[in-house]
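# Structural features, examined
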Amino acid sequence: MDARVVLGVAILVAAALPPSSQDTLAAKRRYVAAAEAACLAAGRQTDPGRYPVSTEQEDVEELERAARVMRATVERIAAIRPPQADAAMLRARFVEPGRRLAGRLGGHATRARAALAAGDAGTVRRLVEASLRPDPTEVSMRSFALSYGFAICAGEQP
């Protein structure tokens, strides 16, 4: 469908909504845009093409960087004012799961650093691989994010 037609339909639908619905829709768009910007910035800080890894030391450093970036990104998103009607849902299904995932990633990084110091390359490798596998919390959070209107934060776009 032509982009102008889509835009025209969106304008007509928005114009047909009561003013309070229009305000809610605008607040949601602003929230999604701000969160997506945070996720895009995070992706640029942990891009594997930019930070290639080839040794256990580099694996651990990348894991630590990813944990720091994720923690900071979740807190940046938590600071964004969500649409009032969606605030509790976003906190429960997006922000809090993000905090748990950041904590999990940080735990992997801490254990990987200790394993590296102990010369245990196998444990480092297992922890790095585990950090890359989505767990049920991440799958659920990404599914919710996609249904809410996120793309980048849902992992669908770079």
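Criteria and cut-off values
- Along each chain, numbering runs from 1 in the same order as the chain's sequence is written.
- With the structure being a predicted model, the display of local features is reserved for residues of pLDDT at least 70 and the display and counting of side-chain atom pairs for 80 or more, all residues being used for whole-chain, interface and lining totals.
- Heavy atoms from the whole structure form the basis of all side-chain values; hydrogens and water molecules are not counted.
- Only buried Ala, Val, Leu, Ile, Met, Phe, Trp, Tyr and Cys residues count toward a nonpolar core, and they belong to the same one when joined by side-chain atoms within 4.5 Å.
- The cut-offs for exposure are 20% and 50% of the maximum accessible area for each residue type, with area from a 1.4 Å probe on protein chains only; residues under the lower value are buried, those over the upper are exposed, and the others partly exposed.
- Each helix is a run of DSSP H or I of at least 4 residues and each strand a run of E of at least 2, with the numbering of both proceeding from the N terminus.
- Residue contacts follow a heavy-atom distance rule, with two residues in contact if any of their heavy atoms lie within 4.5 Å.
- What pLDDT expresses is the predictor's confidence in each residue, scored from 0 to 100.
- The convention used is that axes are lines fitted to C-alpha atoms, helices contributing only their stretch in contact, and that angles between N-to-C directions extend from 0 to 180 degrees.
- An angle below 35 degrees is read as roughly parallel, one above 145 as roughly antiparallel, one from 65 to 115 as roughly perpendicular, and any other as oblique.
- Note on convention: near helix rotated counterclockwise from far helix by under a right angle means a left-handed crossing. Clockwise means right-handed.
- Polarity classes work like this: nonpolar for Ala, Val, Leu, Ile, Met, Phe, Trp, Tyr, Cys and Pro, charged for Asp, Glu, Lys and Arg, and polar for all others, with Gly in that last group.

## Considering the nonpolar core
Formed by 20 residues in total, the largest nonpolar core has its most connected members in Y31, I77, F94, Y148, F150 and C153. Among the secondary structure elements, those contributing two or more residues to this core are helix 2 (19–45), helix 3 (56–78), helix 4 (87–117) and helix 6 (136–148). With five residues, the top contributor of residues to this core is helix 2. With near-sequence residues (within four places) excluded, Y31 lies in contact with I77, I80, R81, P82, P83, L90, F94, V95, Y148 and F150.

## Concerning the confidence of the model for the protein chain
Per-chain confidence: the protein chain averages 85 in pLDDT, with 81% of residues scoring 70 or above. Per-residue pLDDT, averaged within each element of the protein chain, yields its smallest value for helix 1 (residues 3–16) (40) and its largest for helix 4 (96). Across residues 1–19, confidence stays below pLDDT 50; counting only partners more than four residues off in sequence or on other chains, it has five contacts.

## A look at the packing of helix 4 against helix 6
Contact pair helix 4 / helix 6: the axes reach a minimum separation of 10 Å and the direction vectors enclose 140 degrees. One element, helix 4, and the other, helix 6, form an angle in the oblique class. Viewed along their axes, helix 4 and helix 6 form a crossing whose handedness is left-handed. In this structure, helix 4 contributes M89, L90, R93, F94, P97, G98, R100 and L101 to the contact, and helix 6 contributes T137, E138, M141, F144, A145 and Y148. Residues belonging to the contact of helix 4 with helix 6 are distributed by class as follows: nine nonpolar, two polar and three charged.

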